[in-house]
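Chain residues, written in single-letter form:
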Amino acid sequence: MKFITQKKYLYLSLTTALSIASTANVNAATVNIDNPGFESSFDGWTDDDPSAISGDSHSGSKSAKITGSGGRVDQTVTLTPNTNYVLTAYVEGSGEVGINLGSSTESTKSTSDDWSEVTVSFNSGSATSGEIFGKYYNDEGRFDDFTLESTSTSPGSDTGTDGELTISTAFDDGTSHSNYPPSNAIDGSSAWASRWAASLGSNATNLTLELEEVQNVKQVGISWGRGDSRSHTFEIYARPGTSGNWTKIADTVSSGNSTDIELYDVTDFDAQQVRVKAQSNSAGSSWMNITEVKIYGENSGSNNDDDDDSNNGGGGDNSDGNECQASGKMLYNGSCVEYSEVYEAEHGEIGEDDHIVSLSPIEMKFDALAAQHVTENGNGWRHELKIKSSGDYRVGMTELYEEFKATITANLDDGAKTIVAQHHAADTATITKLYIADLDEGGFENAPDGTESDSVAMNGIFDVYIRLAKEDGSGETKHLLTTIRSGDSFDFEEINDHGTVTVKINGQSLSPISVSDSSASYFKFGNYQQAQNPETNEKLESGDADGDFADFYEEFFDTSEIIFTDMSYTRTLD
């Protein structure tokens, strides 16, 4: 059984579960869903074909069956703003379960031969309603027994939560980046561009918050930078004045599935200073990032009626990745911009914008056989977007944070080999290259889930693998990520956090690599189909030097489409 969570990956470890349990103010309530088990056919639901009612069910006598692309069922439910929820459904076969909140969508994909419970955890933010759904994912699936329960309400809502205490200043131990000082953690904005960023140094880094006066502290709320893709191990200390010994009041791990304010219970303490001691993160990065910190104690009445989203986990600043993605844009230095602002197209024989299928929701399709773009040293036709070479967009890997996420679908003929995403730099030929190939290849390390490579040419089974630069600069390593057939999809994520590069496939991570000697780095994605004979494994001359690319592609291939959906890209320069 395989679970894949989009946008907010579910790390279902015991440590995380305990962490979440310790942070929540549990006040569970069930939200009404009409006809949750489809016993009354599609009453209460909107259904899009291909969909039908099935007699194979988890409970009762019926379920919803989705048999092809575009098939889905959905229903609008009522939500309470700033509340944590868990959506649950049972899926047999393949399917995606989720909720559309308007400004963002949270979902979980599942593939299983038997009926399996699928859960989606989310915070409603400012939403008063949402659209729950079950939809097609890769193959036929059945859906049954939807439930939705609230689990807790975010700080600042009128539920008896202790009041927010006023933080007068914030400082660290001199480890922060000059562009991301401690004051950013208390500025009321949870945007990535307004974060505190500090290097761990030997083993930890400290962020200290000072209250106006000694007050009883009961809870601390933290919004972790990139908290939806990594968990953070940390401790919280307090002391009654501005000097003297510290007392540990909490020792925990963040959930790893949210960038919203997460609320942590602490040992009640009369304090003027509170310290967050950040120790490590699951991405293996030496940089710790916090976008906002709140402290709660005896109800002071302050800010409880404040409409600012930054007090309730609603996100604060509007310039975040989810908003950019919803509008078909990317997040560049804290602002939503068109992809064409940062990227240039290698489009050859077709239009510059022909890769754009839709911007809301975002969908891009790259057709190498139609574009026929050739570069001087290139080994095939390509259709790609790459970071612009002009302007100041290309910088060293250690001088920026960037994050690329997408669901990638490949429509390829047997025997094809293409590169769909890659990282280059001026003095490091290849940092990463993501391949999809149906050739006779070997030398793979197994995929994170244990999958072994197929490595049989022209049998319709494609190895999805990545080449990673060795840290000593001596070459590359080759890692299998998964195997697919034409028409299948997979979730891919690549993060560069100031030279620490992490790759994820379907929510599972490879070990990070460190890149320290790369200047003028740039990321590119699309479809770069290799001119490599699937029968002999031989490559044609680079740059179409012999003029035989056209004959080669005509002989072997009719279709070459790589489609990117649920895509987001963040690029933040120091």
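Note that the structure is a prediction, hence the values are computed from the model and not measured.

Conventions we followed
- Residues numbered from 1 in each chain as written.
- Predicted model: local features only at pLDDT ≥ 70, side-chain atom pairs only at ≥ 80, totals over all residues.
- Heavy atoms only, no water.
- Disulfide = S-S within 2.5 Å.
- Helix = DSSP H or I, 4+ residues; strand = E, 2+ residues; numbered from the N terminus.
- pLDDT = per-residue confidence, 0-100.
- Contact = heavy atoms within 4.5 Å.
- Salt bridge = Lys/Arg side-chain N within 4 Å of Asp/Glu carboxyl O.
- Buried < 20%, exposed > 50% of the residue type's maximum accessible area, 1.4 Å probe, protein only.
- Core = buried A, V, L, I, M, F, W, Y, C linked by side-chain atoms within 4.5 Å.

Description of the state of the cysteines
Per the stated rule, a full pass over the model turns up one disulfide. Through a disulfide, C324 is tied to C336; the S-S separation comes to 2.0 Å. Handedness here is read from the sign of the S-S torsion; for C324 and C336, about -90°, the answer is left-handed. With C324 in helix α2 (residues 321-326) and C336 in strand β20 (residues 335-337), this pair connects stretches of sequence that are twelve residues apart.

Focus: the confidence of the model for the chain
Across the chain, the average pLDDT comes to 85, with 88% of residues at or above 70. Within the model, the stretch residues 154-161 combines pLDDT values under 50 with 15 contacts to residues more than four positions away or in other chains.

What to know about the pattern of salt bridges
In the structure shown here, the tally under the stated rule is 22 salt bridges. A salt bridge links K405 to D228; its shortest N-O distance comes to 3.7 Å. Highlighted residues: K405 in strand β25 (residues 400-412) and D228 in the loop between β14 (205-224) and β15 (232-239), separated in sequence by 177 residues. Of the residues examined, K405 reaches a relative accessible area of 9% and is grouped as buried. We note a salt bridge from E441 to K478, for which the minimum N-O separation is 3.5 Å. Separated by 37 residues along the polypeptide, E441 in the loop between β27 (428-437) and β28 (462-469) and K478 in strand β29 (residues 476-484) bring together distant segments of the chain. Per residue, the accessibility class of E441 equals that of K478, and both read buried. Three or more residues joined by partner-sharing salt bridges are found here, namely E346, R382, E384, K386 and K524.

A few points about unusual backbone geometry
Note: most peptide bonds trans; most residues except glycine with negative phi. Note that the residue after D49, namely P50, is joined by a cis bond; omega there is 5°. Relative to the helices and strands, P50 is located in the loop between β3 (46-48) and β4 (51-54). Following S360, the chain continues to P361 via a peptide bond in cis, the omega torsion being 5°. Positionally, P361 belongs in the loop between β22 (356-359) and β23 (362-367). Although it is not a glycine, S41 sits at a positive phi angle of roughly 60°. On the secondary structure map, S41 appears in the loop between β2 (29-30) and β3. Phi at N138 is positive, roughly 70°, even though this residue is not glycine. Here N138 is to be found in the loop between β9 (129-135) and β10 (141-153). Relative accessible area serves as the criterion here: at 25%, N138 is assigned to the partly exposed category.

Focus on the nonpolar core
With 58 residues, the main nonpolar core has Y343, L434, I436, F492, F525 and F564 as its most contacted residues. With six residues, β25 is the single largest residue contributor to this core. Leave out the neighbours within four places in its chain, and I436 touches A410, L412, A416, K417, T418, V420, F462, D463, V464, I484, F490 and I562.

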